[in-house]
Structure formats: C-alpha cells, structure tokens
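# Coordinates in review
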Amino acid sequence: MIASSLHPSLLFFAGALLLWFLPLAGRRVLILLVPAAAFFLISQLEAGTAYNYQMFGFDLNLLRVDKLSKVFGYVFTLNAFACFLFGQHLKERYEHTASLAYIGAALGAVFAADLISLYMFWEVMAVTSTFLVLARKTERSYRAAFRYVMVHIFGGLCLLAGILLQVNATGSVAFDGFSLHGLPTYLILIGFLVNAAAPPMNAWLSDAYPEATVTGGVIMTAYTTKTAVYTLIRGFAGWEVLMVVGCVMAIYGIIWAILENDMRRILAYSIMNQVGFMICGIGIGTAMALNGAVAHAFAHIVYKALLWMSAGSVLYMTGKSKCTDLGGLYKTMPLTMIFGTIGALAISSFPFLSGYTTKPMIIEAGVHEGFFWVWLVLEIASAGVFLHAGIKFPYFVFFAKDKGLRPGEPPKHMLLAMAFMSFVCIFIGVFPQPLYNILPFGSVEFHAYTFEHTLNQFQLLMFSALAFFMLLPLLKRTETISIDTDWFYRKGGKLFVSFVDQVFNGINSWANEIFAKRFPGQLARFFDEPGGNLQKHALQLISELSGDESLLTDRKASVERRSRFGAYPVGGGVLLAVLAVAALSFFCFH
Amino acid sequence: MAMNENKKDAKVVTDWFDHPQNIKRLKIGFYLVLVLLVLPDLFMHKHTLFSSVEAWPGFYAVFGFVSCVVIILVSKLVGFGLKQKEDYYDRQ
C-alpha cells in the first residue's frame, strides 16, 4: 500500500539529523544504509500519489510515483550509495549532513506531484548544495559559493514567479506537461534551464563545482542538473526551442572544455555538453527521444560520478587539479587511471560502455523525425566529447609529461566506489536491457549493437583520437582561465558598479555642491538683508538698462547703510520669507 | 581539505609509456586499428540517413576527423579572446 510507505526523501532528511547523534563508525554505516534503504523503498513503490497536504487552499502531493519519477529515484539513490562509499574518509558531520539533505531534496523534487512542493524542494537543493562548496573552506570557494547561490536564487525566483502566474492563469498547481506558451510557462522554463546550466546561465556550474570539496564535487555533479532534466521532461517535452538549447549546450561545453586547464573544470564543462544531448532529446519529444534522454541521464550520472571520483582521487592525493601541474600519474595510480579511463570512454559512448547504449537513442530519434541539423550537431558533438573528456582528461592527468608527482592510490573505499561505478558503466554498456525495461515512455525499439552502427561509432571515435594526437601542439595546456558568462556578474558587475559610482555619485556630489552648499548660502546672504538686497539688485538692473553706472556705487552704499541700521520695516523681510516659502512649497508639493 | 598525509613517494608500478619502443608499438597498433576500421566499408553496403555521401567508405572516419579538427581550430580562435591569466578576476 502506497499510503503506508515511507517517502524516500524522508530517509535522507532523517539521516541528516541522525548523523549528529552517532559516533564515527555509526555515521559511516548510516550514510551507506540511507541510500541503500531508499533504493529498496523506491523499488517497492507502486504507481499513484500519496502524502497529500493542503496549503494556500490547494491539494498538494509530496509523492507521485510513476515510471518517470521511479527511474530518476533509482539512479539518484544508486549514485548516492557510491558517492557515500567514496566519502567514507570524512570525519566531520558537516559535509555529509549537507549531502544527505541535498540528495533528499533532489529526490523530493523528483517525486513532488505539484509545482508548490517542487518549488520548496528546489530551493532546499540550492541552499544545501551551497554548503558542499563552502566546505572546501578556502577564500575562492566562499566566493564561488556566494555566486552559486545568487544565481540559483535568481533561477528560483524566475520559477516562483512563473508558478504564481501559472496558478493565477490556470487555477491549477498540477505539474504535468505544459501546453500553454506564455509568460508563466516561459518563466518556469527559465527557472528549470538555470539549473540545467543552459547558456547564458551556465557559468555557475563550471564556476562552483570545481571549487567544491573532493566528495562534494562528486555528489553535486548528479543532482542539480539532472533534476532539471527530469523537470524538463515532465513539463516541456516536445518544446522545439529545447532542441536549439540542447545543441548549443553540446557544442558550448566542448569548446570551453578544450580551453580549460583545471581537470575538474574540464569535467564540469562536459556535464554541460552531456546535458545538452538530453535537452535536445527532450526538445525532439518523441517517445524514443524522451526514453533516450532518461536513459542517457541514468548512464551519465554514473560515468560522470566515476570521472569526478577519479579526478577527486587525484586532487585528494596530490592537492593539485591543474593539467599543467599533473601528468604521468599512471605510474603510481594505475587503478585510478583505469577507472578514470573507463569513465572517459563511457562518456564518449565507446561501444560496450554505458554511453553507447543510451546516447545514440537520442540521435536516432532525431533522425526518425528528419532533423538533419540535430543529427549533424550531435554527431559533431559526439566526436568532440571523445576529444575533450574521452582523451584530454585522462591524457593530461595520467600520461603526458611526467611532472614527478608520485602519489599512491587513494584509500581503498575510494577505489571500491570507482570499481563499483565502472562495473555499472560496463554492465549498462553490455546488458542495456534492464535499463531499457524501466524506461518510462513505452517499450524501447533500439538496437545499439548492429555491426554497421558499431563500426561507424568506432570510426568516428578513433579518427577523433587521430585528430587529437595530430593537433596535440595546439592543445598544449596553458596556465589560464577562460572567460565565461560569469564575467557579466564578476567583472561586468564591478565595471557596472564603478560606472554607476562615477555617474550617480557624480550627479550626487554636483547636486550637493549646488543645492546643499552654494544655493542655500546665496539664499542666506540674500535674506540676511532682504530689503537692502532687493533694492541693490533693482538698482543694478536699472543702471545697467539705462547705461548710467556713475551713481551706482554711491546709491548701493546708502542702501547698505540704511539697511544696516534697520531702517526698513521688519515686515518687508517677513513678506519675502513668506513668498519664498510659498514658492518652495509650490515647487515641492505641487 | 584532506591531503595525503604520507608525503613519501609511492612505488612506481609501471613506466611502460616512458619507453620509446613501446610508444612506437602503440603508434603502429593505433594506425593498424584505423586501417582495419575503414577496411570493411569497402566491402559492405551501408545505410544512409540523409544523403548518399554517408555510404562512402570511411565516411564516419572522415566525419570524426574533420569535426575534431574544426572544433580544435574554433576553440583555439575563441581562446584568443577568452583566455586570461589565472588572477584575472582577482585583479582590481
């Protein structure tokens, strides 16, 4: 019975609390037990909705179980298990708490049946994941975390505004496929796309993830972007604009990854590239394309975590993450190298690994619909993936020039986690049917292993490798960073501030000079001797008009003398003051 | 952040790639694989998706190679404008 079952998120939130009462050994068991139990729980869930509650007069549901939410639930918990196995060495509670809450919120977002519940979990994800960046405890990570959370607050606000308008327009909080094209759905779409790292709101990913901790980086790669992929599948399947967005992301990720020097930043850009494939599939919107997007998300989460684990092991053992500092690590870290290479080949959709049984589904779905441009861009991007992630990452980290670093293999639990993920990569690559069976959009009519298809893929990949080694001099690593769209709020923000500073503070100080200093001063001098001054100015005017200035000085002197001795009635001054006040009040309050 | 506490150099397990003759073998093997991959194209009938060009022998080989060359050149070009020194954002 679904009503009596536990909510999978609840396990994670309870685990996050329980962590603070357990000793280290207990915590180590707990963080493995929670995802394992959640995985089992999800496998037992029957289709339907549960956990109803009321808010703002709406009937809301925290748990919607169908094939789509289940498959994401499976991979989220499977990945969580491997990530926590990888993170067994952490003694502090802080990071694990944030991770558990973050994953719990991601599961909550996936199982939420309505927009309001979705929004709540969405924001919890943004906040809790920020702590995984903060946990690095460096000046750079603090700043990156701040930018990260600001971008996500922006995305969250877009989502919230969209949800409010949507509820206002339709009277419904239901989260299903949106058919209405208009401001509400566009805002929701923008909110989702921010989390999917679609340009121009992409830079938070490559900015923040590489600044996260060793384990934090591994965990973050799976949840934020893939929750966004899930929500896009649920809400925006078949929206053609997503084909364009996906194609742009696939290419964008490659080009920036090639320019990059930091190994984890290379992998961050390849997330963007891979999510591009999925979003393109969502835009195509046929059952096969959507199945492809889901399957690819599943495979991607696993091999991407594996790649980040191998990069994380290198960072953990050497304290370095720049390609210019690394190289030749195969000598003392051969196992890490092998696992990393399996991940790198899987992401390149090398036959017999997981990417090969999932990604071509999306491309073939596009071909079925006759989208020549989609096919062309995604094939080029497929070649490019091998270039930037498949070869570049392992080559510059584990081979290339030996920099004399001699770290050993990482701790055993890290190797075990990588071995586990490598196994999953190979399993899905060789036996894709179990994965195909749980895909949500009808039965899968896709056969990856035809001789022709496999041969074509091998040709594509191996000649990409040839291009890599022939143009290696052009790919030489440099100690640089590459400007991305975060420039606008990092450098552009500063320029904007200094521009605004110059303009508005300029106007301010000018106004201060005129209205606060000079003008009142003159007024004060004038009203000091109002009657006398009025006469003096009148005299000046008359004499200038008549051209006769001979008597001017004498007359001014006599006016001054009279006014000094108070020869004018006080009433004259009062009258002028009243007139001045009247004029002022007319201008100010009219 | 946690660091490797054992600063002593780990034992070198293998240095296979340091030997020029191994690299030479690797290269020969690699070129052999390339040839073997294109060879079947000459003898089999290939399906096409959009254009008859796809049925030409070695189409995907050329496609992959040219794609990568273009990608590398484009990113090199983009890099001229976008690559900055590492302290770019720290400078005032």
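Residues numbered from 1 in each chain as written. Chains lettered and ligands numbered in written order. Predicted model: local features only at pLDDT ≥ 70, side-chain atom pairs only at ≥ 80, totals over all residues. Heavy atoms only, no water.

### Details of the interface of chain A and chain B
Our working definition: Whether two residues are in contact is decided by their heavy atoms, any of which lying within 4.5 Å being enough. Summed over both partners, the accessible surface that disappears when two parts come together, traced with a 1.4 Å probe, is what is meant by buried area. By convention in these notes, a salt bridge is any Lys or Arg side-chain nitrogen within 4 Å of a carboxyl oxygen on Asp or Glu.
Contacts between the two partners involve 62 residues from chain A and, on the opposite side, 58 residues from chain B. Taken together, the two surfaces of chain A and chain B that pack against each other cover about 5,500 Å², and 71% of this comes from carbon and sulfur. Counting across the interface, chain A meets chain B through three salt bridges. The residue Lys322(A) makes a salt bridge to Glu86(B) at a minimum N-O spacing of 3.1 Å.

### Observations concerning helix H2 (residues 59–82) of chain B
Since there are 3.6 residues in each turn of an α-helix, residues three or four apart along the chain are aligned in direction. The following threshold applies: Helix and strand labels come from DSSP, where a helix needs a run of H or I of at least four residues and a strand needs a run of E of at least two; each type is numbered from the N terminus. Take the residue count of a helix, subtract one, and multiply by 1.5 Å to get its expected span. Relative accessible area decides the class of each residue, using a 1.4 Å probe on protein chains only: under 20% of the type maximum gives buried, over 50% gives exposed, and in between gives partly exposed.
With 24 residues, H2(B) extends 33 Å from end C-alpha to end C-alpha; this agrees with the ideal 34 Å at 1.5 Å per step. What H2(B) keeps buried is the set Phe59(B), Tyr60(B), Ala61(B), Phe63(B), Gly64(B), Ser67(B), Cys68(B), Ile71(B), Ile72(B), Ser75(B) and Gly79(B).

### Quick look at the packing of helix H9 (residues 214–236) of chain A against helix H12 (residues 287–318) of chain A
All names here are of chain A. What counts, and what does not: Axis definition: a line fit to C-alpha positions, over the contact stretch in the case of helices; interaxial angles, taken between N-to-C directions, run 0 to 180 degrees. In this scheme, roughly parallel covers angles under 35 degrees and roughly antiparallel covers those over 145, while 65 to 115 is roughly perpendicular and the rest are oblique. Left-handed describes a crossing whose near helix is turned anticlockwise from the far helix through less than a right angle; right-handed describes the clockwise counterpart. As a working rule, the residues Ala, Val, Leu, Ile, Met, Phe, Trp, Tyr, Cys and Pro are called nonpolar, Asp, Glu, Lys and Arg charged, and the rest polar, with Gly in that last group.
In the contact formed by H9 and H12, the axes pass within 8 Å of each other and the chain directions differ by 165°. As judged from the angle between their axes, H9 and H12 are roughly antiparallel. For the pair H9 and H12, the crossing hand works out as right-handed. Considered class by class, the residues forming the contact of H9 with H12 number 14 nonpolar, four polar and two charged.

### Here's the deal with the packing of helix H1 (residues 8–18) of chain A against helix H4 (residues 93–111) of chain A
Residues and elements named next belong to chain A. Closest axis-to-axis distance for the H1/H4 pair is 8 Å, and the angle between their directions is 165°. Taken together, the axis directions place H1 and H4 in an arrangement best described as roughly antiparallel. Where H1 crosses over H4, the two elements pack in a sense that is left-handed. Residues Pro8, Ser9, Phe12, Phe13, Gly15 and Ala16 of H1 form the contact with H4, whose participating residues are Thr97, Leu100, Ala101, Ile103, Gly104, Ala105, Leu107, Gly108 and Phe111. In terms of residue class, the contact of H1 with H4 is built from 10 nonpolar, five polar and no charged.

### Some thoughts on the packing of aromatic side chains
Note the threshold: Two aromatic rings, drawn from Phe, Tyr or Trp (for Trp, its six-membered ring), form a pair once their centres lie within 6.5 Å of each other, and the interplanar angle then sorts them: stacked below 30 degrees, edge-to-face above 60, tilted otherwise.
Applying the stated criterion across every chain yields a total of 49 aromatic pairs over all chains. For the pair Trp487(A) and Phe488(A), a centre-to-centre distance of 5.4 Å together with 90° between the ring planes defines the contact as edge-to-face. Overall, Trp487(A) belongs to the partly exposed group, its relative accessible area being 23%. Accessibility expressed as a relative area gives 57% for Phe488(A), which makes it exposed. Seen in terms of ring centroids, Tyr88(B) and Tyr89(B) are 5.1 Å apart; in terms of plane orientation they differ by 70°. Their pairing is edge-to-face. Pairwise contacts between aromatic rings join Trp122(A), Phe175(A), Phe178(A), Tyr186(A), Phe192(A), Phe236(A) and Trp239(A) into one cluster.

### Some details on the environment of Thr97(A)
All names here are of chain A. Quick reminder of the rule: By the criterion applied in these results, polar contacts are pairs of N or O atoms within 3.5 Å in which, for protein atoms, one can donate a hydrogen and the other can accept it, and in which residues neighboring in sequence qualify only through two side-chain atoms.
Take threonine 97: it is sitting in helix H4. On a C-alpha basis, the gap between threonine 97 and leucine 579 in space is 71 Å, while along the polypeptide they are 482 residues apart. Here tryptophan 20 takes part through its side chain, which lies 3.1 Å from a polar atom of the side chain of threonine 97.

### What about the nonpolar core?
Generally speaking, a soluble globular protein has its nonpolar side chains buried in company with each other. The cut-off we apply is this: In plain words, nonpolar cores are sets of buried Ala, Val, Leu, Ile, Met, Phe, Trp, Tyr and Cys residues tied together by side-chain atoms within 4.5 Å.
If you look at the biggest cluster of nonpolar residues, it comprises 202 residues, and the most contacted ones within it are Phe72(A) and Leu232(A). Ignoring any residue separated from it by four or fewer positions in sequence, one finds Leu232(A) in contact with Leu189(A), Phe192(A), Leu193(A), Ala196(A), Ala237(A), Leu242(A), Ile279(A) and Ile282(A).

### Some details on the environment of Cys158(A)
Residue and element names in this part refer to chain A. Tracing the backbone shows cysteine 158 in helix H6 (residues 139–170). By relative accessible area, which is 10% here, cysteine 158 ends up buried. A C-alpha to C-alpha distance of 6.7 Å links cysteine 158 and isoleucine 190, two positions 32 residues apart in sequence. Every residue in contact with cysteine 158, bar those within four places of it in the chain, is listed here: Leu187, Ile188, Ile190 and Gly191.

### Looking at the domain arrangement of chain A
Quick note on the threshold: Each domain's limits were defined by an automated method or a database of domain assignments.
Entries for chain A in the domain assignment read domain 1 (237–478), domain 2 (485–528) and domain 3 (534–590). Placing a centre on the C-alpha atoms of domain 2 of chain A and another on those of domain 3 of chain A gives a separation of 34 Å.

### Thoughts on the pairing of strand E2 (residues 58–65) of chain A
Residues and elements named next belong to chain A. The following threshold applies: Any two strands are treated as partners once DSSP identifies two or more bridges connecting them.
Where strand E1 (residues 48–55) and E2 come together, seven bridges link them in antiparallel fashion. Across the sheet, residue glycine 48 finds its bridge partner in E2, namely valine 65. Counting the residues in the hairpin turn of E1 and E2 gives two residues, including phenylalanine 56, whose phi is positive at 50°.

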